[in-house]
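# Topology and contacts: notes
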Amino acid sequence: MPYYTQTPSAYFFHCVANELEGGESFWSDTFSAVKQIREKRPDMYELLTSVLIPFRQYPAEWHMAGRYPTVELMGEDIYRVRDCCFVIDTYQFVRDYDEEIRGRWWQAYRCLRQLMEDPARTVQVKLEGGDLVVIDNWRVQHGRNAFSVGGTGGKRAMEVAYIEWSHVQNRLLKMELK
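The structure contained in this document is the topic of the report that follows. Quick caveat, the model's predicted, so the values are computed rather than measured. (Residues numbered from 1 in each chain as written. Predicted model: local features only at pLDDT ≥ 70, side-chain atom pairs only at ≥ 80, totals over all residues. Heavy atoms only, no water.)

### Looking at the nonpolar core
Test applied: Residues grouped as a nonpolar core are buried Ala, Val, Leu, Ile, Met, Phe, Trp, Tyr and Cys residues, joined through side-chain atoms within 4.5 Å. Burial classification: accessible surface area is computed with a 1.4 Å probe over protein chains only, and a residue below 20% of its type maximum counts as buried, one above 50% as exposed, and the rest as partly exposed. Only DSSP runs of H or I with at least four residues qualify as helices, and only runs of E with at least two residues qualify as strands; both kinds are numbered from the N terminus onward.
With 26 residues, the main nonpolar core has Val34, Ile37, Leu48, Val51, Ile53, Trp105 and Leu112 as its most contacted residues. Secondary-structure elements contributing two or more residues to this core are helix H1 (30-40), helix H2 (42-50), strand E4 (53-57), strand E7 (77-81) and helix H4 (99-116). Counting residues per element, this core draws most heavily on H4, at eight residues. In this structure, Tyr11, Phe13, Cys15 and Leu127 belong to the second largest nonpolar core, which totals eight residues.

Below you can see the structure in the form of structure tokens.
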């Protein structure tokens, strides 16, 4: 969803069933990866915070597009990380930036991805039916491992929902007052 102006900030994963082999979910702290790049490779940090990446997605019902840096800052603080390489508008990226900038940005992006995928900053869990995980969608990268359907007769069902943190905070405050 990096093409959204304001991407949803809270992401709820609800595992309805997970009876298949594999399919472990994993989550990674992107902010710690960005901080490491800021400390050790300021040149790459500059690219990740300044090069506006064009994103585009257009299934039958809509056409969404936007341009944002991979790492958005609020002052000097990391505000959010936008990472979804399969919706980068590569045609527009080629039109917007010369080969040298694109090459350097891809090098910085690969470095960020390697750091994000480092097992030291990743949590991996096989969710079971009834499990619910809530993450900060601006900070935490999420994914899953492959799963096998092969003859088990089992099923896998995940439900997801996005919500703005302000709604979560509102509910927590209301519960606190009771």
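### Side note on the side chain of Arg82
Put simply, the rule reads: Contacts described as polar in this section are N or O atom pairs within 3.5 Å, which, within protein, must combine one atom able to donate a hydrogen with one able to accept it, while residues neighboring in sequence count only if both atoms come from side chains.
Note that Arg82 resides in the loop between E7 and helix H3 (90-96). Using a relative accessible area of 3% as the deciding quantity, one classes Arg82 as buried. Reaching out from Arg82, the side chain makes a polar contact with the side chain of Glu72 at a distance of 2.4 Å.

### Here we look at the packing of H1 against H2
Test applied: Axis geometry follows a simple rule: fit a line to the C-alpha atoms, using only the stretch in contact for helices, then measure angles between N-to-C directions, giving values from 0 to 180 degrees. Should an angle fall under 35 degrees it is taken as roughly parallel, and over 145 as roughly antiparallel, whereas 65 to 115 is taken as roughly perpendicular and any remaining angle as oblique. Note on contacts: a residue pair qualifies if any of its non-hydrogen atoms lie within 4.5 Å across the two residues. Three classes are used, and their members are as follows: Ala, Val, Leu, Ile, Met, Phe, Trp, Tyr, Cys and Pro are nonpolar, Asp, Glu, Lys and Arg are charged, and the others, Gly among them, are polar.
Where H1 contacts H2, the two axes come as close as 6 Å, and the packing angle between them is 130°. Between H1 and H2, the angle is such that the two are oblique. Contacts between H1 and H2 pair Val34, Ile37, Arg38, Glu39 and Lys40 from the former with Pro42, Met44, Tyr45 and Leu48 from the latter. A breakdown of the residues in the contact of H1 with H2 according to their chemical character gives six nonpolar, no polar and three charged.

### Structural notes on H1
Selection criterion: This arc is built from the directions going out from the helix axis to the C-beta atoms.
Of the positions making up H1, those classed as buried are Thr30, Phe31, Ala33, Val34 and Ile37. On an axial view of H1, the arc spanned by its buried residues comes to 160°, and they lie on one face. Every exposed residue of H1 that faces more than 90 degrees away from the buried side is listed here: Glu39 and Lys40. On its buried side, H1 packs onto strand E3 (25-29), H2, strand E6 (71-74), E7, H4 and strand E10 (140-144). Its side-chain oxygen at 3.1 Å from the backbone nitrogen of Phe31, Asp29 defines the N-terminal cap of H1.

### Topic: the pairing of strand E5 (residues 64-68)
Rules: By definition, two strands form a pair when at least two bridges between them are found by DSSP.
In the sheet, E4 pairs with E5 via five bridges, with the strands oriented antiparallel. By the bridge assignment, Gln57 is partnered in E5 with Met64. What sits between the antiparallel neighbours E4 and E5 is a turn of six residues.

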